[in-house]
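So the chains spell out like this:
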There are 2 protein chains.
Amino acid sequence: MDLDLVFLGTSASMPTAQRAPAALLLRRGGERLLIDCAEGTQRQLLRSSVGLPELEEIFLTHYHADHFGGLPFMLKTFALRGRELPLTVYGPAGLHELFGALRRLFGRLNYPLELVEVEPGEIFERPEYRLETFPVRHGMAAVGWALVEEPRPGRFDVEAADAIGVPPGPERGMLQRGEPVTLPDERVITPDMVLGPPRPGRKVVISGDTARSEAVVDAARDADLLVHEATFAEEERGRAQETLHSTAADAAEVAREAEVGLLALTHLSTRYFGPELAGEARAIFPETVVPKDYDVIEVPFAERGTPQLVKGGALHRREEAVSSAAQ
Amino acid sequence: MDLDLVFLGTSASMPTAQRAPAALLLRRGGERLLIDCAEGTQRQLLRSSVGLPELEEIFLTHYHADHFGGLPFMLKTFALRGRELPLTVYGPAGLHELFGALRRLFGRLNYPLELVEVEPGEIFERPEYRLETFPVRHGMAAVGWALVEEPRPGRFDVEAADAIGVPPGPERGMLQRGEPVTLPDERVITPDMVLGPPRPGRKVVISGDTARSEAVVDAARDADLLVHEATFAEEERGRAQETLHSTAADAAEVAREAEVGLLALTHLSTRYFGPELAGEARAIFPETVVPKDYDVIEVPFAERGTPQLVKGGALHRREEAVSSAAQ
């Protein structure tokens, strides 16, 4: 089951020529979860190899306009396309009030729109994973989002199954799926007899906008990937504190305490290009990257490797070729 | 005095990978007039060689979201930049009501914002040109905008001046500027004695969204450049009539009747790429172009030539190079 994160917008507050404001697309198998939706997000998707999918769920972290400004226009586009599929938007307290104001922008929709206000700490259970929200520190109703997969059954131990006498065939599939089987000689074989220890699922944590916060450390504990805002460098620590944003060092300390696999910094103030923030963070937490728009981070199962940044991973091959021709 | 028009967004209703929704930048000398401001316009500017200028005036044609959706975020960006310069937004009836809804998106501004509601037909006089509004047919409060330069003084007739005995020097400058001079022999020389007939100023007309309309023909009479919407091709004439939009042929008929110099089609439905609309229009009015985003149309004084489409005229040279490398 593939799991990756597409960086659609990585700037703070306002766009630059290189970076659009906040939007992330989490892809898991065939599922597409959009986290935040700044002005221009639909076009970022259209310009990428992803295209603009018929998203079924959109998750907002808070209601500063650089995190939701593109949502009314995306809703409108879905309507113009004749969509009938329901759409659910999740966000912290104030979502209904926000949509009261936004409705002027998207008008009447021909598909069902559901708004779900979430409390920090609320958890949404799904068949194979849960979506966790957690409190952050941004001076307003705001949450972070985490996708936490359920542990997978352990690896099937073929030697143990042979030794017990489980025949090759459907019985082994049932055991792998966690179901006990009864053999022809009436012995009952339970999954624990032929499976290794459960294997951990993956965990991807997205801070949204926040000052350095212990709640994020707790939420990010042992995550494979933590996407943390890093609006400022050390030289602007005062401004970060005033505006309840993080510095690159703040984010790196959170990542170190939480012992995450990889830290990705995003939400860069327009004055930074990336390397300066990466440098400050890596002095504290070496496994840090600063993705550009259209970069992708792939998150494999632990036994297959560690999360990897794929530069331009969401660009069309043609554009990639053009972009490298221009270097 | 340079005059040109930068096509920042040329799609209708929603963006495509190639085209952003409606925005045009009219540049005259050092002045920058933005007409319409769809979602993403500030980033279209940032990605262009124009950059995002401290616009002093923005002109809206009507209040469908694909014509104003980027405005609140642009206003917010100006605020974040610490702007103090006043900004005036012009638009048809409903502008104050619209801003009541948009304020939720841009919050408090640290610079003065003035809103001017215009009646179709209202004219704004400026030192060297006037901005004319005219009624269009779009089923709601909506206007088109035209920039109409005042006639310039005629060409200075050196031979006539020599014959009359006007000495080379400041007297000739005064006459060229329209002021009479008294020669040392007390003869009064008036400008008409040494100037050719007044030379026409230039005229650029922007339809905004409209069905085919005689009012646009009247407004566009003898324009150097008419930018007319052409949302649909002939195959969708019914849909154009229903939605009060134009086909390429409608626009071409308006251009032919108004005897304009050049017709530029914009506001293309996402199903069209350009050439099919150009073909239908040129059968009626040959001098038709269908600009892409970042194309520029230069409008020289009549004695220096006709309006010219400069492909990619608002792209950085580097991007132009990359773009042609990709062909």
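Nothing here was measured: the structure is a model prediction, and the numbers come from that model. Along each chain, numbering runs from 1 in the same order as the chain's sequence is written. Chains and ligands are labelled sequentially in the order written, the chains with letters from A and the ligands with numbers from 1. Per-residue local features of the predicted model are confined to residues with pLDDT of at least 70, and side-chain atom pairs are confined, for both listing and counting, to 80 or more; whole-chain, interface and lining totals are unaffected and use all residues. Side-chain metrics rest on all non-hydrogen atoms present in the structure, leaving aside hydrogens and water.

## Describing the interface of chain A and chain B
Operational definition: Only heavy atoms enter the contact rule, under which two residues are in contact if any of them lie within 4.5 Å. Computed with a 1.4 Å rolling probe, the buried area is the accessible surface lost when two parts are put together, summed over both parts. In the sections that follow, a salt bridge refers to a side-chain nitrogen of Lys or Arg positioned within 4 Å of a carboxyl oxygen of Asp or Glu. For helices the rule is a DSSP run of H or I covering at least 4 residues; for strands it is a run of E covering at least 2, with both sets numbered from the N terminus onward. Under the scheme applied, nonpolar residues are Ala, Val, Leu, Ile, Met, Phe, Trp, Tyr, Cys and Pro; charged residues are Asp, Glu, Lys and Arg; polar residues are all the others, including Gly.
At the interface, 36 residues of chain A touch 36 residues of chain B. The three residues of chain A that bury the most area against chain B are E39(A), R43(A) and R104(A), which together make up 24% of that side's buried surface. Our count for the chain A to chain B interface comes out at two salt bridges. Note that E97(A) is salt-bridged to R104(B), the shortest N-O span being 3.6 Å. Breaking the side of chain A that touches chain B down by element, the ones donating at least two residues are α1 (41–47), α2 (65–68), α3 (71–80), α4 (95–106) and α11 (317–325) of chain A. The residue inventory of the side of chain A that touches chain B, partitioned by class, reads 17 nonpolar, ten polar and nine charged.

## Section: the sheet that holds strand β13 (residues 225–229) of chain B
Here is the rule: Pairing between strands is defined by DSSP: at least two bridges between the two strands are required.
Spatial ordering of the open sheet is given by β7-β8-β9-β12-β13-β14-β15 (chain B), a layout of seven strands whose pairing is mixed. Of all the strands in the sheet, just β7 (123–125) and β15 (288–289) of chain B have a single pairing partner and so form its edges.

## Quick notes on the domain arrangement of chain A
Stated formally: The source of the domain bounds is an automatic or database domain assignment.
Per the domain assignment, the segments of chain A are domain 1 (3–152 + 199–326) and domain 2 (158–193). The C-alpha-based centres of domain 1 of chain A and domain 2 of chain A are spaced at 43 Å.

## Quick word on the environment of D224(B)
All names here are of chain B. What counts is decided by this rule: Exposure classes here rest on a 1.4 Å probe applied to the protein chains alone. A residue is buried below 20% of its type maximum, exposed above 50%, and partly exposed in between. Think of a polar contact as two N or O atoms within 3.5 Å of one another; within protein, one of them needs to be a possible hydrogen donor and the other a possible acceptor, and neighboring residues in sequence only count if both atoms come from side chains.
Note that D224 resides in the loop between α7 (214–220) and β13. Of the residues examined, D224 reaches a relative accessible area of 16% and is grouped as buried. Expressed as a C-alpha distance, the spacing of D224 and A302, which sit 78 residues apart in the sequence, is 8.3 Å. In this view, D224 contacts G201, R202, K203, G261, L262, V299 and P307; residues no more than four positions away in its chain are not counted. A distance of 2.8 Å separates a polar atom in the side chain of D224 from the backbone nitrogen of K203.

## Brief notes about the nonpolar core
What counts, and what does not: Each nonpolar core is a collection of buried residues, namely Ala, Val, Leu, Ile, Met, Phe, Trp, Tyr and Cys, held together in the definition by side-chain atoms within 4.5 Å.
Grouped together as the largest cluster of nonpolar side chains are 71 residues, with contacts concentrated most on F99(A) and F99(B). In contact with F99(B), not counting residues within four places along its chain, are L71(B), L75(B), V89(B), F106(B), L113(B) and L115(B).

## Considering the pattern of salt bridges
In the structure shown here, the tally under the stated rule is 46 salt bridges over all chains. The salt bridge partner of R239(A) is E236(A), with a shortest N-O separation of 3.3 Å. Between R237(B) and D250(B) there is a salt bridge, with its nearest N and O atoms 3.2 Å apart. Taken together, the positions of R237(B) in helix α8 (residues 237–243) and D250(B) in helix α9 (residues 248–258) put the pair 13 residues apart, joining distant regions of the chain. When its relative accessible area of 25% is taken as the criterion, R237(B) is described as partly exposed. The network of salt bridges with shared partners includes R28(A), E128(A), E149(A) and R202(A).

## Some remarks on the packing of aromatic side chains
Operational definition: Side-chain rings of Phe, Tyr and Trp, where Trp is taken by its six-membered ring, are said to pair if the distance between their centres is within 6.5 Å; with planes under 30 degrees apart they count as stacked, over 60 as edge-to-face, and otherwise as tilted.
For the structure on display, the rule yields 14 aromatic pairs over all chains. On the basis of an interplanar angle of 65° and a centroid distance of 4.9 Å, the ring pair of F59(A) and W145(A) is categorised as edge-to-face. With F59(A) in strand β4 (residues 57–59) and W145(A) in strand β9 (residues 143–149), this pair connects stretches of sequence that are 86 residues apart. For F59(A), a relative accessible area of 2% translates into the label buried. Among the residues examined, W145(A) registers a relative accessible area of 4% and is labelled buried. Centre to centre, the rings of Y90(B) and W145(B) are 6.2 Å apart; their planes meet at 75°, and the pair counts as edge-to-face. With a gap of 55 residues between them, Y90(B) in strand β5 (residues 87–92) and W145(B) in strand β9 (residues 143–149) connect regions that are remote in the sequence. The class for Y90(B) is buried, based on a relative accessible area of 8%. Put simply, the rings of F59(A), Y90(A), F124(A) and W145(A) pair up and form one aromatic cluster.

## Brief notes about the side chain of S213(A)
Residues and elements named next belong to chain A. Assignment of secondary structure puts S213 in the loop between β12 (203–206) and α7 (214–220). A relative accessible area of 6% places S213 in the buried class. The contact partners of S213, leaving out residues within four places of it in the chain, are P135, R137 and V254.

## Quick notes on the pairing of strand β5 (residues 87–92) of chain A
Residue and element names in this part refer to chain A. For clarity, the cut-off: Handedness of a crossover: with both strands directed away from the viewer, a clockwise path from the first strand across the helix to the second marks it as right-handed.
Of all six residues in β5, six are buried, a share of seventy percent or more. Bridge analysis of β4 against β5 gives three bridges, and the strand direction is parallel. Residue pairing across strands places I58 opposite V89, the latter belonging to β5. Summarising the sheet, β5 and strand β6 (residues 113–118) pair through six bridges and their orientation is parallel. By the bridge assignment, V89 is partnered in β6 with L115. One crossover worth recording links β5 to the parallel β6 by way of α4, and it is right-handed.

## Observations regarding the state of the cysteines
Short version of the rule: Note on terminology: pairs of cysteine sulfur atoms within 2.5 Å are recorded as disulfides.
Evaluation of the coordinates by the stated rule reveals zero disulfides over all chains. Counting only cysteine sulfurs, C37(B) is the nearest neighbor of C37(A), a cysteine outside any disulfide, at a range of 17 Å. Note on C37(A): relative accessible area 0%, which makes it buried.

## Here we look at the relation of the copies chain A and chain B
The test is simple: Least squares is the method used to superpose the copies, on C-alpha atoms of residues holding a pLDDT of at least 70 in both.
Rotating chain A by 180° and translating it 0.0 Å along the rotation axis places it on chain B, where the RMSD comes to 0.1 Å. Each copy turns onto its partner about a two-fold axis. Closest to the rotation axis within chain A is the C-alpha of G40(A), separated from it by 2.6 Å. Comparing interface residues between copies, 100% of those in chain A also sit at the interface in chain B, which points to an isologous, same-surface contact.

## Digging into the packing of α4(A) against helix α4 (residues 95–106) of chain B
Our working definition: Inter-axis angles, ranging from 0 to 180 degrees, are taken between N-to-C directions of lines fitted to C-alpha atoms, where helices are fitted over the stretch in contact. The scheme is simple: roughly parallel for angles under 35 degrees, roughly antiparallel for over 145, roughly perpendicular for 65 to 115, oblique for anything else. Crossing handedness is defined as follows: a turn of the near helix away from the far one that is anticlockwise and smaller than a right angle gives a left-handed crossing, while the clockwise case is right-handed.
Running from amino to carboxyl end, α4(A) crosses α4(B) at an angle of 135°, the nearest separation of the two axes being 9 Å. Taken together, α4(A) and α4(B) sit at an angle that is classed as oblique. Considering only the axes of α4(A) and α4(B), their crossing is left-handed. Contacts from E97(A), L98(A), A101(A), L102(A), R104(A) and L105(A) of α4(A) reach α4(B) at E97(B), L98(B), A101(B), L102(B), R104(B) and L105(B).

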